[in-house]
Amino acid sequence: MRPKELTDLLKVQIEHGSNPDEEFGSLFIYGPPGIGKSRIVEDVANELGVGCVDFRLLLRDPSDLRGIPVPGHNGDGKPAANWLPPAELPTNGQGFLFFDDFVTAPPLVQASAYQLTIRPHKLGEYQLPEGWVIVGAGNRPQDLTLAHPMPPALRTRFATIVELEVNHDDWVEWAVTHNIRPEIIGLLSKFRPELLFQYDPRKFELTGFPCPRAWENASHNMDMLPSELWFEGVRGAVGEGAAIELRAYQEIWSQLPDLDAIIEGKDDTIPHGVDLIYACCVGLVSKADKQAHYNRLLDYALKLEREYSIFLVKLLYHKSREQVTKSDKWGEFARILVNEEKILE
């Protein structure tokens, strides 16, 4: 399943909640490490303005979900133990109760989540509010990440199990809306897309490896560090090979025309060479932050060859659909170059 498809699936899940008569059901996401399973759940929660409680079973004892016993009384008024659930468990509103790294937890701890994953989502005296839904996530056994096999009884308690895949186009669209460094987007969009994800479970070096999560970390490191330490910050996130590739790509980046002059309408320079044009498009999109910029860049796109025009406007569209479609050049672009459905692919 592509990240965009998982995003849509999570929205359907939260829309239906956990009311037994209406719910979509609990969802489990599996796939290799670092590809964005957790990030997508968090992003959907932020987009919808709902909660997201990350309850790590790996860090829990089997009794932690049920809670601790406290003195109380049964229905006949006789002394009995009641169970006080953990404070992290939601009691109102709506959101995702997220069991991340689920399969890393020992089987006995996984089993403690059995009752919560199936309707009516009740464990002891705790009842999951109807606005909340359960999502689990974990790596595959073949990823060699200390994942424990999920017992069949638990697998069948998740209503839907999906495998998340790395999708290059989806990542580029995500990156332009999350302030990932334009040099990184440029490297991974057209120059070396195969560097987005390279994971070999047979290698056990204590180094980073290229994956969506690591590239986000590399971008953050570049934002935080002085330029003379960029290489070390990138190498520490994605490994030496990928860091060398990015450093080489920065040589291309240094040959770009004045992007500020282009976006302000003071220059119409179109670079020579495929790599430079793609890099220029990515750099311009990273700088677009007001309606005038979108108007200008759609006009600039009309001056490019068709392939580059589509690339530039697709990135702009995914960064801000509203500002692209409000531009007085949007109709002209769609009519002359490509229909709107093509832009949305």
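All values reported here derive from a predicted model rather than from experimental measurement. (Residues numbered from 1 in each chain as written. Predicted model: local features only at pLDDT ≥ 70, side-chain atom pairs only at ≥ 80, totals over all residues. Heavy atoms only, no water.)

## What about the state of the cysteines?
Next up, step 1: Applying the stated criterion across every chain yields a total of zero disulfides.
Next up, step 2: In this structure C211 is a free cysteine whose sulfur lies 19 Å from that of C52, the closest cysteine sulfur available.
Next up, step 3: Under the relative-accessibility criterion, C211 is labelled buried at 3%. (Disulfide = S-S within 2.5 Å. Buried < 20%, exposed > 50% of the residue type's maximum accessible area, 1.4 Å probe, protein only.)

## With respect to helix α14 (residues 306–319)
Next up, step 1: Across its 14 residues, α14 extends 20 Å between first and last C-alpha, which sits within 8% of the 20 Å expected from 1.5 Å per residue.
Next up, step 2: Regarding α14, the residues found buried are Y308, S309, I310, F311, L312, V313, L315, L316 and Y317. (Helix = DSSP H or I, 4+ residues; strand = E, 2+ residues; numbered from the N terminus. Expected span 1.5 Å × (residues − 1).)

## Some remarks on the packing of aromatic side chains
Next up, step 1: A complete count under the given rule lists 13 aromatic pairs for this structure.
Next up, step 2: Judged by centre distance (5.6 Å) and plane angle (80°), the ring pair of F102 and F158 falls under edge-to-face. A residue pair is termed long-range when its members are at least 10 positions apart, and F102 in the loop between β5 (94–99) and α3 (107–111) and F158 in the loop between α5 (152–155) and β9 (160–163) qualify at 56 residues. For the pair F102 and F158, a shared accessibility class is recorded, and that class is buried.
Next up, step 3: One Lys or Arg, R247, reaches over the ring of F231 and ends 4.1 Å from the middle of that ring. (Phe/Tyr/Trp six-rings, centres within 6.5 Å; stacked < 30°, edge-to-face > 60°. Lys NZ or Arg CZ within 6 Å of the ring centre and 35° of its normal.)

## Remarks on the sheet that holds β5
Pairing between the strands of a sheet is mediated by backbone hydrogen bonds and can be parallel or antiparallel.
Next up, step 1: In space, the five strands of this open sheet follow the order β2-β5-β8-β1-β9, with parallel pairing throughout. Of all the strands in the sheet, just β2 (51–54) and β9 have a single pairing partner and so form its edges. Put simply, the sheet's adjacent strands are angled 20° from each other on average, direction ignored.
Next up, step 2: Taken together, the four bridges between strand β1 (residues 27–30) and β9 define a ladder with parallel strand orientation. Bridge pairing in β9 links F28 to I161. (Pairing = 2+ DSSP bridges. Axes fitted to C-alpha atoms, helices over the stretch in contact; angles between N-to-C directions.)

## Here we look at the pattern of salt bridges
Next up, step 1: Scanning all chains against the criterion turns up 22 salt bridges.
Next up, step 2: A salt bridge links R2 to D170; the shortest N-O distance between them is 2.3 Å. Of this pair, R2 sits in the segment before α1 (3–16) while D170 is found in helix α6 (residues 168–177), placing the two residues 168 residues apart along the sequence.
Next up, step 3: Since its relative accessible area comes to 5%, D170 is described here as buried.
Next up, step 4: For R181, the salt bridge is made with E183, and the minimal N-O distance between the two is 2.9 Å.
Next up, step 5: One continuous salt-bridge network, built from bridges that share partners, spans D268, R296, D299, K303 and K329. (Salt bridge = Lys/Arg side-chain N within 4 Å of Asp/Glu carboxyl O.)

## Re the confidence of the model for the protein
Next up, step 1: Summarising the model, the protein shows a mean pLDDT of 89, and 97% of its residues fall at 70 or more.
Next up, step 2: Per-element confidence in the protein ranges from a low mean pLDDT of 49 for helix α17 (residues 340–344) to a high of 97 for helix α8 (residues 212–224). (pLDDT = per-residue confidence, 0-100.)

## Quick notes on unusual backbone geometry
Next up, step 1: Here the bond from R119 into P120 is cis, since omega is 10°, no more than 30 degrees from zero.
Next up, step 2: The phi torsion at H121 lies on the positive side, around 55°, for a residue other than glycine.
Next up, step 3: Among the structural elements, H121 can be located in the loop between α4 (114–117) and β6 (122–123).

## Describing the packing of α8 against helix α9 (residues 230–238)
Next up, step 1: Orientation of α8 relative to α9, taken along the N-to-C sense of each, is 160°, at an axis distance of 8 Å. It follows from the interaxial angle that α8 and α9 lie roughly antiparallel. In the packing of α8 onto α9, the handedness of the crossing is right-handed. Every residue of α9 that contacts α8 at A214, W215, N217, A218, N221 and M222 is listed here: W230, G233, V234, A237 and V238.
Next up, step 2: Of the residues assigned to the contact of α8 with α9, the class counts are eight nonpolar, three polar and no charged. (Parallel < 35°, antiparallel > 145°, perpendicular 65-115°, else oblique. Left-handed = near helix turned anticlockwise from the far one by under 90°. Contact = heavy atoms within 4.5 Å. Nonpolar A, V, L, I, M, F, W, Y, C, P; charged D, E, K, R; others polar.)

## Quick look at helix α12 (residues 274–287)
Next up, step 1: With 14 residues, α12 ought to run about 20 Å at 1.5 Å a step, and its terminal C-alpha atoms sit 20 Å apart, in line with that.
Next up, step 2: In terms of residue burial, α12 counts as a mostly covered element, since ten of its 14 residues are buried.
Next up, step 3: Taken as a whole, α12 has its buried residues at L276, I277, Y278, A279, C280, C281, V282, G283, L284 and V285.
Next up, step 4: Where α12 is buried, its residues meet α6, α7 (182–191), α10 (240–253), α11 (259–263), α13 (291–301) and α14.

## Structural notes on the pairing of β5
Next up, step 1: Counting buried positions along β5 yields five of six residues, so the element is predominantly enclosed.
Next up, step 2: Pairing of β2 with β5, which is carried by four bridges, proceeds in the parallel orientation. Of the residues in β5, the one forming a bridge with V53 is L97.
Next up, step 3: Pairing analysis gives six bridges linking β5 to strand β8 (residues 131–138), with the strands arranged parallel. Bridging from a neighbouring strand, L97 pairs with I134 of β8.

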